[in-house]
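# Structural characterization, general
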Amino acid sequence: MIHLGVNIDHVATVRQARRGAQPEVIHAAALAVLGGADSITIHLREDRRHIQDRDLRLLREVATVPLNLEMAATEEMTAIAIASLPACVTLVPEKREELTTEGGLDVVTHQNAIGQCLKALKAHGVAVSLFIDPDARQVEMARFLGADTIELQTGSYSEAINAADREARLADLKTAARLARQCGLRVHAGHGLDYHNVQAVAAIADIVELNIGHSIISRAILVGMVEAVRAMKHAMVEGRRG
Ligand code: PXP
């Protein structure tokens, strides 16, 4: 069995374009669950460019599936996670200038900061996942630090430049997933997965969950377009009629 975690950050990106009230992130979460999402993922970034603290509060109240909070391993975020107690926290690298998360967390270099954050979260019963590259040293350090889960970074696979590169990146994912499973870690994967490249990753039996955002929200905008324009046209015609 393989679970789907739907990342709804882009819904908040559209809302923040006007700093207004719509679209409402909790509505998107409810509809994603209706579509079959097994969990909902949000990334509360330090600069609050999309998801806001209020979104986290509301989702904790109303979400009917587990909430996975992506965040940087900072004191501020650790305190927020402990106050809100999501089912899972995924620690990710964060740089202000990046468009999205670029590459996995280097848990070998940053083992002290990550270890501290991980311990604090686990002491409060929050499961911790580390978003890492498919690399044996990173997997082994994740186990050493006491992570429950790793999320393998699939960006290198999804951005492969040709078929040989794609196969090589897929082999990296398989090897890392197998090692992680042997270490007793739960294995998730994500980043850049879409309707065409997801199949090969979903076929890796050691991976139990995929986290997908951009491709799903992109398609949602388009498949909802006909209905949204129709409803607006209807409202206009009604108004003209008086
Ligand atoms: N997993 C992690 C850790 C991420 O940071 C992201 C992007 O926010 C995703 C998965 C989803 O990536 P995408 O939006 O490309 O599907």
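Residues numbered from 1 in each chain as written. Predicted model: local features only at pLDDT ≥ 70, side-chain atom pairs only at ≥ 80, totals over all residues. Heavy atoms only, no water.

### A look at the overall build of the chain
Broken down by element type, the chain carries 11 helices and eight strands. For 242 residues, the compact-globule formula gives about 18 Å, and the C-alpha radius of gyration of the chain, at 19 Å, lands near that figure. When the backbone C-alpha atoms are referred to their principal axes, the chain occupies close to 70 × 45 × 35 Å. Counting the 242 residues in the chain, one finds 43% classified as buried. (Helix = DSSP H or I, 4+ residues; strand = E, 2+ residues; numbered from the N terminus. Rg over C-alpha atoms; globule rule 2.2 N^0.38 Å. Buried < 20%, exposed > 50% of the residue type's maximum accessible area, 1.4 Å probe, protein only.)

### A word on the environment of L185
Relative to the elements of secondary structure, L185 occurs in the loop between α8 (163-182) and β7 (186-190). Judged by its relative accessible area of 4%, L185 is buried. Separated by 77 residues in sequence, L185 and V108 have C-alpha atoms that sit 17 Å apart. If sequence neighbours within four positions are ignored, L185 has contacts with V139, A142, R143, A147, D148, T149, I150 and A180. (Contact = heavy atoms within 4.5 Å.)

Such coordinate-based values are descriptive only and should not be taken to indicate function.
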